[in-house]
Amino acid sequence: MNDFIFTTEFLTEFSLSQASDFKISAIILYEDKLSSIYKEDLMGETSLSLVKKALNGYKIKEVNASTSDNLVDLVRQNIEDEDYIIVLYANIPLIKEESVSDALSYATTKNLDYCKLYHGAIFKTEALRNNKIEYTAEANFLNKEDFFAIFNNATCIKARNILKNRILDGLSKSGVRFYDKDSCYIDSTVEILSGVEIFSNNTLKGFTKIMPNTRLFENNIIVNSEIGENCEITSSYLKNVSIKKNSKIGPFEKIIKEKK
């Protein structure tokens, strides 16, 4: 096997092509011993759902595997009619769609038989069928954080904190104003429109939507609810409700609507 590594400097010498000319599928590997880790709440999602989100647009097959399994043999058993297969592990919840795209562009542009990723790989299926893997490389230009693996409570906490900061930073860039960002907890499933102001100790969970120019003052918990425009919510607990625009709720209101 002829191993070679392309550095980040070398990558600047050509433009990465898109993998759109090839048929690509994906395999997500999971281990039974980590089943409880896969179910951990990571800002409103699970590790498995976040990996699937990063593989958006590709046909995905979930395969049960252990660390002792031979990866090449395992992937070869799951070949269908694709040109390339990207293999990721189910316990890398920080993986981004852009990292997947960059890795695939790298592997297809260089016509690699095997491209090693941090906690994953890309295989050219023709090479697997012919049992002839010659041209290999490691995509070491990718962000290692995106491939951070969770396997216990400590690593789940670290991943959750990184996801939390990604969510809050993204909202700030989109026009949401925070007065004490570190004290807020917002699920990735929450939608907050530009112009919203959020004060300290706000927790927004589930499929919650906050419309423009609303102010969330201190100490609110809002779950699976929609808050209309120009509202003011203070020190209240809202669940499964829809608040009309220009409303003022709180302090110390508790409004819960049972789901039908």
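Structure shown above.
Note that the coordinates shown come from a computational prediction; the quantities given were computed from them, not determined experimentally.

(A) Examining the overall build of the protein more closely. Along the protein, the regular secondary structure elements total seven helices and 21 strands. With the C-alpha coordinates of the protein rotated into their principal frame, the extents come out at 70 × 40 × 30 Å. Taking all 260 residues of the protein together, 45% fall into the buried category. When contacts within the protein are restricted to residue pairs at least 6 apart in sequence, long-range pairs at least 24 apart make up 45% of them. Element-wise, carbon and sulfur atoms account for 47% of the exposed surface of the protein, whose accessible area totals about 13,500 Å². Across the protein, the 33 positively charged side chains and the 37 negatively charged ones have centroids separated by 6 Å.

(B) Summary view of the sheet that holds strand 9 (residues 185-186). Spatial strand order, 9-12-15-18-21: five strands in an open sheet with parallel pairing. The sheet terminates laterally at strand 9 and strand 21 (254-256), the two strands that pair on one side only. As paired elements, strand 12 (residues 203-205) and strand 15 (residues 221-223) share three bridges and run parallel to each other. Bridge pairing in strand 15 places L204 opposite I222.

(C) View of the nonpolar core. Ranked by size, the top nonpolar core spans 62 residues in total, and within it L88, L117, I186, I192 and I198 carry the most contacts. Those elements giving two or more residues to this core turn out to be strand 2 (24-30), helix 2 (35-38), helix 3 (47-54), strand 4 (84-89), helix 5 (97-109), strand 5 (114-117) and helix 7 (153-173). The element contributing the most residues to this core is helix 7, with seven residues. In contact with L88, other than residues within four places in its own chain, are I27, I28, L29, V51, L55, I95, V100, L117, H119 and F147.

(D) Focus on the pairing of strand 5. Only one face of strand 5 is covered, namely the face carrying C115 and L117; the face carrying Y114 and K116 is uncovered. In this sheet, strand 6 (residues 120-124) lies alongside strand 5 in antiparallel orientation, the contact comprising four bridges. Counted as the bridge partner of K116 is A121 from strand 6. In this antiparallel pair of consecutive strands, strand 5 and strand 6, the connection spans two residues, and H119 shows a positive phi of 60 degrees. In terms of strand pairing, strand 5 meets strand 7 (residues 135-138) through three bridges, oriented parallel. By the bridge assignment for strand 7, Y114 is matched with T136.

Conventions adopted
- Residues numbered from 1 in each chain as written.
- Predicted model: local features only at pLDDT ≥ 70, side-chain atom pairs only at ≥ 80, totals over all residues.
- Heavy atoms only, no water.
- Helix = DSSP H or I, 4+ residues; strand = E, 2+ residues; numbered from the N terminus.
- Buried < 20%, exposed > 50% of the residue type's maximum accessible area, 1.4 Å probe, protein only.
- Contact = heavy atoms within 4.5 Å.
- Areas by Shrake-Rupley, 256 points an atom, 1.4 Å probe, with all protein chains shown as cover.
- Lys, Arg positive; Asp, Glu negative; His and termini not counted.
- Charge placed at Lys NZ, Arg CZ, Asp CG, Glu CD.
- Pairing = 2+ DSSP bridges.
- Core = buried A, V, L, I, M, F, W, Y, C linked by side-chain atoms within 4.5 Å.

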